[in-house]
Amino acid sequence: MMTSISSSRILLLFNATTAYRQSSSSRRPALLQAKKISSHASNAKLSASSSTSSKLSKAAATSVVCSLIILSDPISSRILFGNKQEDEVNNSYWAQELQQATAHQQEQCSTDGRLRNAHKFCLDNKSSRQNAEVADNNIQLPSHSRIVIVGGGFAGLHTALALAEKMSLLKKGIGNLDDGSVVPPPAQYQQTENEGMQMQSRRSTNSWYQWVTWPFIAKSNDSNNHNLHSNVNGEIIILEANQIGAGSSGRAKGLVVPGYQVPLEDLEEGAVDNGGNNWTVPLLLHKLHSFLSTQPESPRYTKGVVQELYKLSYIALDRLRSIVDLYEIDCDWVECGAVEGSIHAMEGEEEDEEESDGCRILTREQVNELMGRSSCRDDSNSESDGDNLYQWGEYDPGCAGVNPLKLTLGLADAAERWGVRIYEQTKLIRLEKTKSVNDESTKDNSGKYTLTTNYGDTIQCDHVVLCTGADALSTDVSRRLEQSFVPIYTWMAATEPLYDLCPLKDSVDSNIYKEQGHQKKRPAPMCGDDHISLNYWRNNNKDEGRLLFGSLADTFVLPNWLISWRLRNAMKEVYPQLAHVHFDHIWGGKLAFALNSMPLIGRDTDFDDIVSDTNEETKSSKNGSSGVWYATGFAGHGIVPTAMAGSVLANAILETPDQQQWKLFQTYFPPSSFNGYPYSQLGAGIILSLYNVWDWAGKKGIPLPALPKLW
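Residues numbered from 1 in each chain as written. Predicted model: local features only at pLDDT ≥ 70, side-chain atom pairs only at ≥ 80, totals over all residues. Heavy atoms only, no water.

Chemist: Would you explain unusual backbone geometry in this entry?
Modeler: For residues other than glycine, phi is negative in most cases, and the peptide bonds are mostly trans. The phi angle at L552 is positive, at roughly 75°, despite the residue not being glycine. With respect to the helices, strands and loops of the structure, L552 is situated in strand β17 (residues 547–554). The exposure class assigned to L552 is buried, which follows from its relative accessible area of 8%. You will see that E655, though not glycine, has its phi angle at about 55°, which is positive. Structurally, E655 is set in the loop between α18 (641–653) and α19 (662–668). (Helix = DSSP H or I, 4+ residues; strand = E, 2+ residues; numbered from the N terminus. Buried < 20%, exposed > 50% of the residue type's maximum accessible area, 1.4 Å probe, protein only.)

Right under this line is the structure:
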């Protein structure tokens, strides 16, 4: 009995265990499936999340790109930010200083005439109405002129002045005038017993470039001053869209230095007879443009061309000194020299280099001493230690400092003394060939080109010189120059008066000056460095000791608060103790950068007559009596090169024998027919940002592959 019960219990237990196992085995696939479903659900969530983040990233990138495109477009940028930061010249320190200095000398005229200095024609007041009528008679734009210069900046004023001087001498049969020569204004000529012209050599005591031909000053010895020095009244006029000094010429840092934006050694490195450095941004862009363009590729330059171009700039430096001296231009000219610090390590082959043009290689300690940084380090912040930023540098004793606005106005006054007329607030909106005239009575008074202004006035002339700087040109003016450069904005700030706290002091004296043969104390030098967004600064040569600090390179206008913040950061890196100094003035301007960063000087052949003759000399002679010329793209390095451009274009227009150097620029550095518009500013901004990142990484010691040279 007991055995049967136990057997039945065992059987029941076995059946129960079997049933449990079966039920368990039947539940396992369901659990696995549930786990799989849960896993798929989580993967789906992760996938959805990653997809969402990817979409957000793409949307953010698209928004950034679209924003940059919108900002890079000049029209939308102007709508968003307006013209205040770009065009308000009264924000500049130079303009405020000039207004304060001349407030008691301001002459009032009752007319808003376009002719500059129209008040000079207002006779001693009998009535304001009569003065207005006199001024109105003088602001009338003439219907014909021999030469019309468009743009009243440095390039236009130097061209007008060089033309006036050379034309005056040509009328007396004196034609072979050296490019460095300066003819004193008519009021400064004096009577002597001998007739004719005597050329006296003038060698500046501060000139140090020994291998150039020194300029000559032409002094009159004719008893009849008026007959000898003919006035060019009516033959040369200048059309300025705004007012004299309102553009970049009047807002510049005021560094007077020979050469161009591209250093001499970089130009020589790219010469075809020097192997040719193919790893530069201009050359890569040139090759890309040549590949996409149907125009023939321009020839590569040689070292001889480079030497000739740089020689012209050194001659122009001496000419500029002579102009300031002879025309008595009060522009705060200071022979102070310039020092440039480098954030990059020096190449081994340059360590003992003493450059042939008078520049001297500096050690890190010498750079800091000249810049006034050795005594102003912030020891609490090792990253801003004055000994670590600059690795080495160069000192150029031949440079000078100047008030650019005063210099611009002084050049305008000098040109007006020769009879050049300057029409402000007069913008050129159309340039075209003059239609053929059958009427013989008016044929002699008609010019080859017709210019139309924003007032609807028209003027005919034989020569047009386009010196419009970074202002955009429409196809109605010049197709060749319309897309030949990219405007780059740069900014400056003037600190509050620092007095003894100003790191750059005029009493700087060091062994560097003594080694150069200067035993006396000299003013503090102009300073700069080789960041891509170039830092440059100086003091204002006043007892109050302001520091004028410039930096940044942008492709569109920015709000003032952002400019101020970025300028302060740049200045704090150089002078940490000035981090909390207040800025009294902030201003900026736009610079014209060609694709090769060299000046654009030459002749716009689109306006030449089509000549079937294949002989270039015959073609030139048939188009020689007239032409459309241009001088622009000085890339923020224009105080001296514009003086050179003025002489070069004057020789071109007057067909001076053996003085046709404009062909060097036209042949080897011609304007590009395409700069990537409407995305040229965006592309330039991306390139500049990339190089700025490389500069930052280099200062932090982060190794990165080398980029092509930007110049």
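Now that the structure has been shown, we can carry on.
Chemist: Would you explain the pairing of β17 in this entry?
Modeler: Every regular strand shows the same layout, with side chains that alternate between the two sheet faces. Along β17, 8 of the 8 residues are buried, which leaves the element largely enclosed by surrounding structure. Of the pairings in the sheet, the one linking strand β14 (residues 485–495) to β17 comprises 5 bridges and is antiparallel in character. The residue of β17 that forms the bridge with W491 is S551. Summarising the sheet, strand β16 (residues 536–539) and β17 pair through 4 bridges and their orientation is antiparallel. Residue pairing across strands places Y536 opposite G550, the latter belonging to β17. (Pairing = 2+ DSSP bridges.)

Chemist: Could you clarify how one ought to interpret a nonpolar patch on the surface in this entry?
Modeler: On the surface, W696, I702 and L704 cluster together into a nonpolar patch covering about 280 Å² of accessible area. If you trace the backbone, I702 turns up in the segment after α20 (680–700). For I702, a relative accessible area of 36% gives the class partly exposed. (Patch = residues over 30% accessible without salt bridge, like charges linked within 9 Å, V, L, I, M, F, W, Y side chains within 5 Å. Areas by Shrake-Rupley, 256 points an atom, 1.4 Å probe, with all protein chains shown as cover. Salt bridge = Lys/Arg side-chain N within 4 Å of Asp/Glu carboxyl O.)

Chemist: Sorry if this is basic, but what is going on with the pattern of salt bridges here?
Modeler: Counting across every chain of the model gives 18 salt bridges. One salt bridge connects K590 with D471, and the closest N-O pair in it is separated by 3.8 Å. Highlighted residues: K590 in strand β18 (residues 583–594) and D471 in the loop between β13 (458–466) and α14 (479–482), separated in sequence by 119 residues. Using a relative accessible area of 41% as the deciding quantity, one classes D471 as partly exposed. A salt bridge links R566 to D554; the nearest nitrogen and oxygen atoms lie 3.0 Å apart. You can see R566 sitting in helix α16 (residues 560–574) and its partner D554 sitting in strand β17, a full 12 residues away along the chain. Take D554: its relative accessible area is 10%, and that puts it in the buried class. Through salt bridges with shared partners, a single network forms among R146, K171 and E235.

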